[in-house]
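Single-letter residue listing:
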Amino acid sequence: MNADLGDLHAFVVVARAGGFRDAARKTDISASTLSEAVRRLEARLGMRLLHRTTRSVTPTEAGELLMARLSPALNEVEAALEVVDQLRGFPSGTLRLNVPVSAARLTLPSILPGFMEAYPSIRVEIDAEDHLIDVLASGSDAGIRYEDKLEQDMIAVPIGPRIQRFATAAAPAYLDRHGRPEHPRDLLDHACIVGRYVTGTLASPWEFARDGELLRVEPKGRLIVRVGGASDLGVDAALNGIGIVHLFEDWLKPFIESGRLEPVLSDWWQSFPGPYLYYSGARLVPPTLRAFIDYIKTTR
């Protein structure tokens, strides 16, 4: 069965955007044109691909199956066209990155301004979430993750700081009231602000290391926040004296430097390798992604 490539593309962008109006804003194609393209595709296939309500547009079961197969194929088509387009000179097009909230906050702010100034014809889309997803199926060109989360068949390029640390801190007023821990085990007697991953598991134990000794502590606390999306709420709680927070050092650094948070057990803070940009080696590398890779290599 033949299907127009434009209709297939319209279906994918509408499904990704979750609506015809949002898709129109991203593609500069009118919502009515996109709607007609999807209707034409559904008529050709003889089945509904999208559930439409006044509030949302979501794929049907058939739509989900079609999306899973179409997205990588259309990404390849787009990459091939961008490779040819690069012959005109400066790379142009859209670079799509899927990154954890921590990378959006701590890694990309020092990289994106320079990159976008160096490549004014490249548009950048950032999707910040802490789900582990298939970057190709999601329509992304690449993602950012830490080494223990990388898939074996992906190409990984170091991005951002190569060594990071988790820091533990609390408001001075809290420590004045409850005492200052002198050993990681002392945290068991304190109110700790605990994180929960998007998978539902707690972000514990907290790990500490000193002189070759590694300690894991299961913290207790009345406040649990979603890692990434609600981490700022955890920091605000610590600032207001609710308890002790354990997070990326760079996330807490401004508050520690201002004196609003006081370091706790700083000689036990554990170091770990920094993040990686990762992408599939099984597809053409779009010129926009190649430009980004080349740029981050020059900034290391």
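Located above this text is the structure these notes cover.
Residue numbers run consecutively from 1 along every chain, following the written order of its sequence. Side-chain atom pairs in this predicted model are given and counted only at pLDDT of 80 or more, local residue features only at pLDDT of at least 70, and totals for whole chains, interfaces and linings cover all residues. Heavy atoms from the whole structure form the basis of all side-chain values; hydrogens and water molecules are not counted.

J.: Before we go on, may I ask you to explain the overall build of the protein in this structure?
T.: Helix numbering and strand numbering both begin at the N terminus, where a helix is a DSSP run of H or I of at least 4 residues and a strand a DSSP run of E of at least 2. What the protein contains, in helices and strands, is 10 helices and 15 strands. On the principal axes, the C-alpha backbone points of the protein span a range of 70 × 45 × 35 Å. Working definition: with a 1.4 Å probe on protein chains only, accessible area under 20% of the residue-type maximum means buried, over 50% means exposed, and in between means partly exposed. Counting across all 300 residues of the protein, residues that qualify as buried make up 43%. Should any heavy atoms of two residues lie within 4.5 Å, those residues are considered in contact. Restricting to contacts in the protein with at least 6 residues of sequence separation, those with at least 24 account for 74%. Only the protein chains shown count as cover for residues, with accessible areas throughout obtained via the Shrake-Rupley method and a probe of 1.4 Å. Counting only carbon and sulfur atoms, one obtains 52% of the accessible surface of the protein, whose full area is about 15,800 Å². Here the protein contributes 34 positive and 39 negative side-chain charges, whose respective centroids are spaced 4 Å apart. For the purpose of counting charges, residues Lys and Arg are taken to be positive, whereas Asp and Glu are taken to be negative. His and the chain ends are not included. Taken as the charge location is NZ of Lys, CZ of Arg, CG of Asp or CD of Glu.

J.: Looking at this model, I keep getting lost on helix H8 (residues 231-239). Mind explaining?
T.: Residues lying three or four places apart along an α-helix face the same way, a consequence of the helix completing one turn every 3.6 residues. Those residues of H8 that fall on the buried side of the exposure criterion are Ser231, Gly234, Val235, Ala237, Ala238 and Leu239. Turning to H8, the residues buried within the fold contact strand S8 (192-196), strand S11 (223-226), strand S12 (244-248) and helix H9 (249-258). Just past H8, the residue Gly241 takes up positive phi, approximately 80°.

J.: Got a minute to help me understand the packing of helix H1 (residues 5-17) against helix H3 (residues 31-45) in this structure?
T.: Angle between the axes and distance between the axes: these two values describe a pair of packed helices. Only the stretch in contact is used when fitting a helix axis, every axis being a line fitted to C-alpha atoms; angles between N-to-C directions are given from 0 to 180 degrees. Running from amino to carboxyl end, H1 crosses H3 at an angle of 115°, the nearest separation of the two axes being 8 Å. Put simply, H1 runs roughly perpendicular to H3. Viewed along their axes, H1 and H3 form a crossing whose handedness is left-handed. Taking contact as the criterion, the partners of Asp7, Leu8, Ala10, Phe11, Val13 and Val14 in H1 are, on H3, Leu34, Ala37, Val38, Arg40, Leu41 and Arg44. Gly is put with the polar residues, along with every residue not named as nonpolar or charged; the nonpolar set is Ala, Val, Leu, Ile, Met, Phe, Trp, Tyr, Cys and Pro, and the charged set is Asp, Glu, Lys and Arg. Here the residues of the contact of H1 with H3 are counted per class, giving nine nonpolar, no polar and three charged. Roughly parallel means an angle under 35 degrees; roughly antiparallel means over 145; roughly perpendicular covers 65 to 115; every other angle is labelled oblique. Definitions for this section: a left-handed crossing has its near helix turned counterclockwise from the far helix by less than a right angle. A right-handed crossing has that turn clockwise.

J.: I tried to follow the nonpolar core on my own but got confused; where do I start?
T.: In globular proteins that are soluble, nonpolar side chains generally tend to be buried together. Put simply, buried Ala, Val, Leu, Ile, Met, Phe, Trp, Tyr and Cys residues joined by side-chain atoms within 4.5 Å make one nonpolar core. Phe115, Ile159, Leu277 and Phe292 are the most contacted members of the largest nonpolar core, which has 23 residues in total. Of all the elements in the fold, those that place two or more residues in this core are strand S3 (93-99), helix H6 (112-118), strand S4 (122-128), strand S5 (142-145), strand S15 (276-280) and helix H10 (287-299). With six residues, H10 is the largest single contributor of residues to this core. Counting 21 residues, the second-largest nonpolar core is a separate cluster that includes Leu8, Ala10, Leu49 and Leu74.

J.: Can you walk me through the pairing of strand S9 (residues 206-210) in this structure?
T.: Sheet faces and side chains relate simply in a regular strand, where the side chains alternate between the two faces. Taken together, the five bridges between S9 and strand S10 (residues 213-217) define a ladder with antiparallel strand orientation. If you follow Phe208 over to S10, its bridge partner there is Leu215. The turn joining S9 and S10, which pair antiparallel and follow one another in sequence, is formed by two residues; a positive phi near 50° is taken by Asp211. In short, DSSP must find at least two bridges between two strands for them to pair.

J.: What am I meant to see in the sheet that holds S3 here?
T.: The strands that make up a sheet pair up through hydrogen bonds in the backbone, lying either parallel or antiparallel. Across the sheet, which stays open at both edges, the five strands sit in the order S4-S3-S5-S15-S6 with mixed pairing between neighbours. In the strand order of this sheet, the two ends are held by S4 and strand S6 (154-158), each with one partner. Neighbour-to-neighbour, the strand axes of this sheet turn through a mean angle of 25°, independent of strand direction. The pairing of S3 with S5 spans two bridges and is classified as parallel. Along S5, the bridge assignment pairs Asn98 with Gly143. The strands touched by H10 within the sheet are S3, S4, S5, S6 and S15, with S15 carrying the most contacts at an inclination of about 150°.

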